Amino acid sequence: MENHQQFTLLVVDDEKTNLMVLHKILYPEYNIITATSGEEALSRAIEHLPDLILLDIILPDINGFDVLLQLKQLSETRNIPVIIVSGLNSEGAEEKGFFFGAVDYITKPFKNTIVKARVRTHLQTVQNIRTIEKLGMIDTLTNIANRRSFNERIEMEWRRAIRKQVPISLLMLDVDRFKIYNDTYGHPQGDMLLRTITQVFTDTLNRPGDMPARLGGEEFAIILPDTTMDAALSVAEKIRSAVEKARIIAAVPEADIETSTSISIGVISTVPGNEESLASFIVRADEYLYAAKNSGRNRVCS
Ligand code: GH3
Ligand code: MG
Ligand code: MG
Ligand code: MG
């Protein structure tokens, strides 16, 4: 996976000449922010959430070990790797640094090439973790969000809707008679149908906050933040009708056949407060989806 993002490093040292040396080594490959005291290091870390921190130990106010401890106590900064760069080269100091959660310990005076290499190694790990995290959030068949990201996102949007007292809507969608489609055209063609439906979602949804997800099998959900029931119903109807109109080419041994499908949708909307839990909100969406199935499929129920 390519990544053209430039990493941001927070470099903490109370001596200007040290900062200048580190800046010279690491810029312009990385974006550099600096701090010359413990307090400043903490506030800049929280403000900028850098990808890596180079931390001096002897500082005029809070010493580097305490800065490290505080970084590890805050959920926003806990996972930022910290390399200690210190004149303290006792075994005890080094042990303490690792014990407090530093990923590396470089003693001054340092070799420029070694600092550069170690920074690059730790940033590679940051990059790898991000790639893995990203892969864990995406459904491999359709390339949209999976159930894990749906769960995370709906909780976040639910809390936000409570805080701002704005509506949140949820669509639950399930392909009609998908088993028959699979049995008729084959599993790979069924997979193609799921991708076509996903494309309909992406083409229909036009607000950046809207999030379609594949919950499993042929079941999908769409989170519509800041959306009223009326607006959600109109989105649902647009999707239902676009799915109905979509033509899916099924490559079977003899020829390419033009096939079609349909989808049933349950819609709910609320301005959340204390009356209903998120879990029961989701259950309600499922109930409307089943109502849509039971009343004949290829329809929207709310
Ligand atoms: P209904 O209209 O009531 O929803 O009927 P249905 O046939 O769509 O529902 P059912 O739950 O009986 O069947 C779902 C089918 O979806 C069965 C399963 O083999 C198929 N399926 C689940 N995941 C996948 C997948 O990733 N790819 C393909 N091709 N088929 C899948
Ligand atoms: Mg110092
Ligand atoms: Mg189905
Ligand atoms: Mg189903």
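See above for the structure.
Residues numbered from 1 in each chain as written. Chains lettered and ligands numbered in written order. Predicted model: local features only at pLDDT ≥ 70, side-chain atom pairs only at ≥ 80, totals over all residues. Heavy atoms only, no water.

A. Seen up close, helix H6 (residues 147-164). Taking 1.5 Å as the rise per residue, H6 with 18 residues should run 26 Å; its terminal C-alpha atoms sit 25 Å apart, in good agreement. Buried residues along H6 sit against strand E6 (168-175), strand E7 (211-216), strand E8 (219-225), strand E11 (263-270) and helix H10 (278-294). In the stretch just after H6, Gln165 is the one whose phi turns positive, near 50 degrees. (Helix = DSSP H or I, 4+ residues; strand = E, 2+ residues; numbered from the N terminus. Expected span 1.5 Å × (residues − 1). Contact = heavy atoms within 4.5 Å.)

B. The coordination of the magnesium ion (ligand 2), seen in detail. Within the first shell, the magnesium ion (ligand 2) binds the protein through Asp14 (OD), Asp56 (OD) and Ile58 (O), at distances of 2.0 to 2.2 Å. Counting residues between consecutive donors of the magnesium ion (ligand 2) along the chain gives the motif D-x41-D-x1-I. Linking Asp14 in the loop between strand E1 (8-12) and helix H1 (16-26) with Ile58 in the loop between strand E3 (52-55) and helix H3 (64-73), this pair joins segments that are 44 residues apart in sequence. The class for Asp14 is partly exposed, based on a relative accessible area of 30%. (Donors = N, O, S within 2.8 Å, 3.2 Å for Na, K, Ca; no water. Buried < 20%, exposed > 50% of the residue type's maximum accessible area, 1.4 Å probe, protein only.)

C. Examining the coordination of the magnesium ion (ligand 4) more closely. Coordination of the magnesium ion (ligand 4) by the protein is provided by Asp174 (OD) and Glu218 (OE), with metal-donor distances spanning 2.2 to 2.3 Å. Distance-wise, the magnesium ion (ligand 3) is placed 3.6 Å from the magnesium ion (ligand 4), both being coordinated by Asp174. Of this pair, Asp174 sits in strand E6 while Glu218 is found in the loop between E7 and E8, placing the two residues 44 residues apart along the sequence. Since its relative accessible area comes to 11%, Asp174 is described here as buried.

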